[in-house]
Amino acid sequence: MTGALALAVGSVASTAPASPVVAQVTAIEASLLAFVVLTALATALARDVLAAVIVFGAYSLGMAALYTFYRAPDVALTEAAISAGVTTVLLLLTLAKTTRIDHDVAFESVNLPAAGAAGFLFAGLLLTMGDIPAIGSPDAPIWSNPDVTQWYLTETYAQTHVENTVMAVLAAFRGFDTFGEAVVVFAGGVAALIVLHREVFA
Amino acid sequence: MTDAADDTDMTDTATDSEADASTGEGAAERDDAEPDLPPHRAVPRSGRLDSEERQGTPYTESQVIMPTVKVVAPFAFTYGLFITFHGSGSPGGGFQGGAIMAAVVFMIAFAFGIESTRDWLANTVVVALAVGGALAFAGIGLVPVALGGAFLQYDLLPIPVLDPVKYGMEAVEVVGIAPIVSGVLMGLFFLLARGFNSDGDGFGNGSLDEDGSIDEQQRDEESIDVPDATDDAAVADGGHADDAGRAGDGAVDTETASSGGDRR
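To start, this report covers the structure provided alongside it. It should be emphasised that the depicted structure is a prediction, and the values quoted were computed from it without experimental measurement.

## Thoughts on the overall build of chain A
Then, in step 1: Check the secondary structure of chain A and you find 10 helices and zero strands.
Then, in step 2: Moving toward the C terminus, one meets the helices and strands of chain A in the order α-α-α-α-α-α-α-α-α-α.
Then, in step 3: Counting the 202 residues in chain A, one finds 21% classified as buried.
Then, in step 4: When contacts within chain A are restricted to residue pairs at least 6 apart in sequence, those whose partners lie at least 24 apart make up 53%.

## Section: the interface of chain B and chain A
Then, in step 1: Taken together, the contacts link 54 residues of chain B with 40 residues of chain A.
Then, in step 2: Contributing elements (two or more residues each) for the side of chain B that touches chain A: helix 5 (94–112), helix 7 (123–146) and helix 8 (164–194) of chain B.
Then, in step 3: For the side of chain B that touches chain A, the leading source of residues is helix 8 of chain B, giving 18 residues.
Then, in step 4: Of the residues contributing to the side of chain B that touches chain A, the split by class is 35 nonpolar, 15 polar and four charged.

## Some thoughts on the environment of A:Asp48
Then, in step 1: For A:Asp48, the location among the structural elements is in the loop between helix 3 (27–45) and helix 4 (49–69).
Then, in step 2: As a C-alpha pair, A:Asp48 and A:Asp102 span 54 residues in sequence and 7.8 Å in three-dimensional space.

## So, the packing of helix 4 of chain A against helix 5 (residues 73–96) of chain A
Residue and element names in this part refer to chain A.
Then, in step 1: Their axes nearest at 7 Å, the elements helix 4 and helix 5 cross at an angle of 175 degrees. Classified by the interaxial angle, the pair formed by helix 4 and helix 5 is roughly antiparallel. Listed contacts from helix 5 to Val49, Leu50, Val53, Phe56, Gly57, Ser60, Leu61, Met63, Ala64, Tyr67 and Thr68 of helix 4 are Pro73, Val75, Ala76, Glu79, Ala80, Ser83, Ala84, Thr88, Leu91, Leu92 and Leu95.
Then, in step 2: By residue class, the composition of the contact of helix 4 with helix 5 is 16 nonpolar, five polar and one charged.

## Some details on the packing of helix 5 of chain B against helix 8 of chain B
Residues and elements named next belong to chain B.
Then, in step 1: Two elements in contact, helix 5 and helix 8, have axes separated by 8 Å at closest approach and are oriented at 35 degrees. When the axes of helix 5 and helix 8 are compared, the crossing they make is right-handed. For the pair formed by helix 5 and helix 8, the contact residues are Gly94, Phe95, Gly97, Gly98, Ala99, Met101, Ala102, Val105 and Phe106 on the first element and Glu173, Val174, Gly176, Ile177, Ala178, Pro179, Val181, Ser182, Leu185, Met186 and Phe189 on the second.
Then, in step 2: Here the residues of the contact of helix 5 with helix 8 are counted per class, giving 14 nonpolar, five polar and one charged.

Rules and cut-offs
Every residue gets a number counted from 1 within its own chain, in the order that chain's sequence is written. Here the convention is simple: chains get letters from A, ligands get numbers from 1, in the order in which they are written. In keeping with the model being predicted, local features are shown solely for residues with a pLDDT of at least 70 and side-chain atom pairs are shown and tallied solely at 80 or more, while totals for entire chains, interfaces and linings include all residues. Each helix is a run of H or I in the DSSP string that is no shorter than four residues. Each strand is a run of E no shorter than two, and both are numbered from the N terminus. Counting other C-beta atoms within 10 Å of a residue's own tells you its class, since 20 or more makes it buried, 12 or fewer makes it exposed, and anything in between is partly exposed; those C-beta atoms are placed from the backbone. Our contact criterion uses C-beta atoms placed from the backbone: two residues qualify when those atoms are within 7 Å. Put simply, Ala, Val, Leu, Ile, Met, Phe, Trp, Tyr, Cys and Pro go in the nonpolar bin, Asp, Glu, Lys and Arg in the charged bin, and everything else, Gly too, in the polar bin. Every angle, taken between N-to-C directions, lies between 0 and 180 degrees, and every axis is a line fitted to C-alpha atoms, over only the stretch in contact when it is a helix. Any angle that is under 35 degrees is reported as roughly parallel, and any over 145 degrees as roughly antiparallel; angles of 65 to 115 degrees are reported as roughly perpendicular and all others as oblique. Note on convention: near helix rotated counterclockwise from far helix by under a right angle means a left-handed crossing. Clockwise means right-handed.

So this is what it looks like as C-alpha cells:
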C-alpha cells in the first residue's frame, strides 16, 4: 500500500508538478465535476420527489467516481455502497408509502433571495481557493505532515502487519473510536425500532 | 382465495378483515405480513419467495428483473465477502462489505417482494447479525483487557500460529463491523418497508400488529396523549385544567377519562 501510494503520488507529481489548480483538471475530472454539480442542482430543484431521489443517487455515484479518481478508494466504496445504494433504496422505499403527485413543471422556480445568498456563500468560498494546495501536491500539509500522515504510512506495516493503512487506522490505531461508531450504528437500528413502534425488525 | 381477491376491489377496512378471514391457511402461515398493507395492496399471497403477484405494488414478477437478480446476487454477495475479508490488503473493510451484502438482500427483496424476503430472512437472523456483531467486537476488545492489557490490544490476543495483530483486526472487521452494518441496514430496510405502527394516521393506514395487543397499547397511549395536550393548552386558565381538557375533547370515552385521571 505504501509503495502504491508513493507510486501514485510520484505519477501525479510528474504529470503536474506544482502547477495551478486549473491546469491540473483533466477531461475526465472536469466531466465528473460537471456531472456532480449538475446532479446536485437537479436534486435541489427537481419538483418531483422521486426524480430528486433518483438524481441524488446519480450524484452519489458521481461522487464515488470522483473519490476513485482522487485515489480514495475506501471512501469511494463507502459512498457507492451507502449513498448511491442503500440510501437511495431506503428513500425510494419511503416514497413508495406516499402518494405521488403529478407536476406540470419539472423544476421548482428558483427563489431569488435564496439563490443570491447561495451565490454570496459560493463567492466567499471561492476567495479561499487561492490558499488551498494543488490536488495531489506533495507539499500539501495533509500529505507532508510528518507527525500524522507520514507516521501512519511508515509505521502501519511495521506495527500492524496489514497493507491497508486506512483499515489499520480504523481498526487498530483508532480501534476504540471504531467500536463507538459500530455501537452508534447498532443504536441507530434500535432507535428506528423505537421510533416506528416495532419490536421486531423482520 | 379468488373471492378475497375480488373483494379487495372495494377498498374498505371491512373488506380487508373478510379477506383475512377467508384465506385461513394463507393467513395462518403469513399472519404477520397481511395486516400492515394499505387496503389497496391487501391481496392474498402465497408463501413462495418467487410467486409474488400483487396489484398496486412496484414488485411484480418480471422476466427481466428476477433472472437478472438470480444471476447477479451470488456475485455481488461474493464481492461483499471479498471486500470484508480482504480489507487488510485492499480497499474496503467490514463497513463497506457489510453494506454491499445488505444491498444484495435489498436487491433480492425488490425482485421477489419485500414481504416474502422478510419471511425468508427471519427476524432472528437480522437481530443475531446486529447483536452478535456488537458482542463480538466488544468481546475481541475485552479479551486483551482480561489478559492484563488495554482494550483492543491485538498482540495479546490468543491466536495460535497466525499473526495476532493482523488477524485480530480481521476478526474485528469480519465478525464485528460487517455483521452489525449488514444486520442494521437490513433491519432498517424491513422496518421502512413495513411502515409506521399506529392507528390510521401512520403510513400503513390500518392496524399493523399481529395479535392486536400493540393496537390496544397504542390506543391507550394516544387517548392519554389527547387530553394531556388539551390540558397543557388549558393550564393557562388556572385550576380548571382537568375539566377543560375533558370537556374540550368530545370523543373521550370513559376508559380514556379514567386512564387520564390515573396519570394525574
